[in-house]
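Chain and residue survey
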Amino acid sequence: MILIVNTTTDRTITENLHAALEQNGFSDAGADAKKEQKNKKGNNVYEIVEAGESRISPCIGCNYCWLKTPGICSIRDDYEEILKKMVHADQLWVISGTALGFMDHKGKNIYDRILPLATMYLHFKGKQMRHYRRYKQKMDFGLIYSGEAEKAYLERWNGRAALNFESRSLGVFSKEEIKEAVTCMH
Amino acid sequence: MHALIINGSPRVKKYSNTDKILEKIISGMKDSGSTGELYEISDRKQWEEIREKFYHFDHILIALPLFVECIPGLLLEFLETLPVPAKDEFAGERKVTEGSETDSAFSKKPVLSFLLQSGFAEGCQLRCGEEYLSILSGKLGCEYGGTLVKGNNFGIRLVEEKDREKMVLPYQRMGQIYGEEGNFFSEECKKFTGPEQFPGWVRVMVGLMFKTFAKKSFDKAAKEWGCTKSLKDRPYET
Ligand SMILES: Cc1cc2nc3c(=O)[nH]c(=O)nc-3n(C[C@H](O)[C@H](O)[C@H](O)COP(=O)(O)O)c2cc1C
C-alpha cells in the first residue's frame, strides 16, 4: 500500500496526484474500501491522508514509545491513525510545505513522530548503527514539497532518513513534478 | 563575549541531554571570561523573548539533538517565526547615504554557531544534520560560526549522576574555546567528534555490547519506568 500524507492545506496537490495515480492504474484504497475490502493490500493501492488541518504535535522526546509503552506514542492525537496505517504501508509519501530551505515543521513532525516504528534495541546494519524495526513491514520514503527549498539537501536528507529504517529513498519532487513522482511509485 | 544560548531540544529541561551538555559549555565559557544567557525551546512561553532578543546578540549558540537526521520539528517551528532582517538592515552592510541615515535596530550580523549532539556514536551519523545547519545560518541572515558535532549522548538522562558527569565533562573545554573564539572552527573542536566510523573490530565489540549490556540496561530502564510489555511489542499488528 502507498500511504500519502498531505501536511499542507493545498488540496490541489493531492487532486493532481490522485488523477495521475488513477491514470497509471493505481486504485484508491479509501474509495475501494467502501466497495470491496479485498483491494486494501498490494502495490497498486494508495491511500491519501489529508493532514493539513489535523492535530499533530511535535515529538517531545519522552522515549515512552521505546521504554514505557513500546510501540505506542504518549501523545494521543491525529498522528495515531497515520501510524497505524504505516504499519501496512510499503511506501510513505509526505507532502510538505517548506521553510528555511528545508521542509516545514508540519512535514518534519511526521518523521519525528515515527519512532514508535522502531524499537530501543540497536544493531549494526552494514556499517551503520541502527535501531531494529518494530514491524516486519518495510516502508520506502518519498517526499513532495511545495515552495522554495534546497532540493539537493532534501535529497540527501531523504536518503539518510530512509536508511535509518533500512529502506530506500523513492526521491524528492516539487509539487510541479507530480508525474515524475508517480513513476517512482511503481 | 556575551552569547545568546538556546537549548533547541523539545525535551523538558529536566530530562534534556542538551541541557546537561550546556551546563558544561556555559561553565567552560566562564573559564574564559565569557557569559551566556540560556533559553529553552521546550518552553513555548520563552519563545517571544528569544525572538525579541535574537538579532541583538553578536554571538548566538543553538544546541540541539539530532532528530531524524536533521533538526527537531519543534525547533523548526520556532525558527520559522524569527523576524529575519533584510540584508540591508544590518548596519555593517548598509549603504548609508548622507542625510538619510535610517535607524537600524541591528548592529551587525550575528555569528550563529551550533552544537549538534545525537544518540548514535559515530561522526558520520551527524553529517547530514550538520550540512543543514550551515544552510540554516544563511537562511536566518547570520554568519555561520561552525558546528560542534558529537554523538553518543543518548544515555546522559538515563545513567547515574557520576557517570553523567563523566559523559558531559569534556564539553567544558569546548565551552572554553567557544568563549575565547566565538565559533567552533578550531582543529580541537573538529577532533571532538571522534571517529567518523568505528573500525570493524570495534563494530563487532559494540555489536556484542548491544546484545548484552545495552539490552539489559534498556530492559532495566523500562522496568523502572513501569513498562509491562516486551520492548519488541507490536501493538498495531493485525
Ligand atoms: C524523534 C527523535 C529522533 C532522533 N533521531 C536521531 C537520529 O537520527 N540520529 C541519532 O543519532 N540520534 C537521534 N535521536 C537521539 C537524540 O538525538 C539523543 O538522544 C539526544 O541526546 C537527545 O537530547 P535531548 O535530551 O536534549 O533531547 C533522536 C531522538 C528522538 C526523540
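Read on for an overview of the structure. (Residues numbered from 1 in each chain as written. Chains lettered and ligands numbered in written order. Predicted model: local features only at pLDDT ≥ 70, side-chain atom pairs only at ≥ 80, totals over all residues. Heavy atoms only, no water.)

A tally of regular secondary structure across chain B gives eight helices and five strands. Taken along its principal axes, the extent of the C-alpha atoms in chain B is 75 × 45 × 30 Å. For chain B, contacts bridging at least 24 residues in sequence account for 73% of all contacts bridging at least 6. A total of about 11,400 Å² of accessible surface is found on chain B, and carbon and sulfur atoms cover 54% of it. Charge centroids of chain B, computed over 34 positive and 36 negative side chains, lie 9 Å from each other. (Helix = DSSP H or I, 4+ residues; strand = E, 2+ residues; numbered from the N terminus. Contact = heavy atoms within 4.5 Å. Areas by Shrake-Rupley, 256 points an atom, 1.4 Å probe, with all protein chains shown as cover. Lys, Arg positive; Asp, Glu negative; His and termini not counted. Charge placed at Lys NZ, Arg CZ, Asp CG, Glu CD.)

Moving on: the interface of chain B and chain A. Taken together, the contact pairs 55 residues of chain B with 52 residues of chain A. Each partner contributes to the roughly 4,900 Å² buried at the junction of chain B and chain A, and carbon and sulfur atoms together form 64% of this total. When the buried area of chain B at its contact with chain A is split by residue, Val68, Trp225 and Tyr236 of chain B rank highest and sum to 17% of it. For the pair chain B and chain A, the number of links is three salt bridges. In this structure, Arg160 of chain A and Glu69 of chain B form a salt bridge, with 3.0 Å as the shortest nitrogen-oxygen distance. Looking at the side of chain B that touches chain A, the elements with two or more residues in it are helix H3 (73–79), helix H4 (127–139) and helix H8 (200–224) of chain B. Top contributing element to the side of chain B that touches chain A by residue count: H8 of chain B, with nine residues. (Buried area = accessible area lost by both parts, 1.4 Å probe. Salt bridge = Lys/Arg side-chain N within 4 Å of Asp/Glu carboxyl O.)

Another point: the pattern of salt bridges. As enumerated under the stated definition, the model contains 29 salt bridges over all chains in all. Between Lys108 of chain A and Asp112 of chain A there is a salt bridge, and its shortest N-O distance comes to 2.7 Å. Here Lys108 of chain A and its partner Asp112 of chain A are both found in helix H5 (residues 105–112), four residues apart, which amounts to about one turn of the helix. A salt bridge links Glu40 of chain B to Lys13 of chain B, with the shortest nitrogen-to-oxygen separation between them at 3.2 Å. Taken together, the residues span a long stretch of sequence, with Glu40 of chain B in strand S2 (residues 35–40) and Lys13 of chain B in the loop between strand S1 (2–7) and helix H1 (17–31) at a distance of 27 residues.

This part is about the site of the ligand. All names here are of chain B. Taken together, 22 residues form the shell around the ligand, and within it Ser9, Arg11, Asn17, Thr18 and Gln117 come nearest. At 2.8 Å from a nitrogen atom of the ligand is found a main-chain nitrogen or oxygen belonging to Val68. Within the backbone of Glu69, a nitrogen or oxygen atom sits 3.1 Å from an oxygen atom of the ligand. Summarising the interface, the protein chains cover 95% of the accessible area of the ligand, which totals 650 Å² for the free molecule. (Near = heavy atom within 4 Å. Polar contact = N/O pair within 3.5 Å; in protein donor to acceptor, adjacent residues only side chain to side chain.)

Residue and element names in this part refer to chain B. Where S1 meets S2, six bridges bridge the pair, whose relative direction is parallel. Bridge pairing in S2 places His2 opposite Thr35. For the crossover that starts at S1, traverses H1 and ends in the parallel S2, the hand is right-handed. (Pairing = 2+ DSSP bridges. Right-handed = clockwise from strand over helix to strand, strands pointing away.)

A few words on helix H6 (residues 151–164) of chain A. Residues and elements named next belong to chain A. Here H6 spans 20 Å end to end across 14 residues, near enough to the 20 Å set by a 1.5 Å rise per residue. Turning to H6, its buried residues number three or more, namely Tyr153, Leu154, Trp157, Asn158, Arg160, Ala161, Ala162 and Asn164. Trailing H6 by a residue or two, Glu166 shows a phi angle of about 50°, which is positive. (Expected span 1.5 Å × (residues − 1). Buried < 20%, exposed > 50% of the residue type's maximum accessible area, 1.4 Å probe, protein only.)

Glancing now at the packing of aromatic side chains. Counting across every chain of the model gives 18 aromatic pairs over all chains. A centroid spacing of 4.8 Å and a plane angle of 85° characterise the contact between Tyr111 of chain A and Trp157 of chain A, whose relative ring orientation is edge-to-face. Here Tyr111 of chain A is found in helix H5, whereas its partner Trp157 of chain A is found in helix H6, with 46 residues between them in sequence. Trp157 of chain A carries the same exposure label as Tyr111 of chain A, and that label is buried. Through pairs of rings, three or more aromatic residues link up here, namely Phe102, Tyr111, Phe141, Tyr153, Trp157 and Phe165 of chain A together with Tyr132 of chain B. (Phe/Tyr/Trp six-rings, centres within 6.5 Å; stacked < 30°, edge-to-face > 60°.)

So, on to the side chain of Asn153 of chain B. Residues and elements named next belong to chain B. Within the element layout of this structure, Asn153 appears in the loop between strand S5 (143–150) and helix H5 (161–168). Relative accessible area serves as the criterion here: at 2%, Asn153 is assigned to the buried category. Separated by 3.2 Å, the side chain of Asn153 and the backbone oxygen of Gly151 make a polar contact. Not counting the four nearest positions on each side in its chain, Asn153 is found in contact with Asn17, Ile21, Gln117, Ser118, Gly119, Met167 and Tyr171.

Here the focus is the environment of Gln117 of chain B. Residues and elements named next belong to chain B. Along the polypeptide, Gln117 turns up in strand S4 (residues 111–117). Exposure remark for Gln117: the relative accessible area of 2% places this residue in the buried category. When near neighbours in sequence (up to four residues on either side) are disregarded, Gln117 contacts Asn17, Thr18, Ile21, Leu64, Pro65, Leu66, Leu126, Lys150, Asn153 and Tyr171. Engagement of the side chain of Gln117 in a polar contact is seen with the side chain of Asn153, the distance being 3.5 Å.

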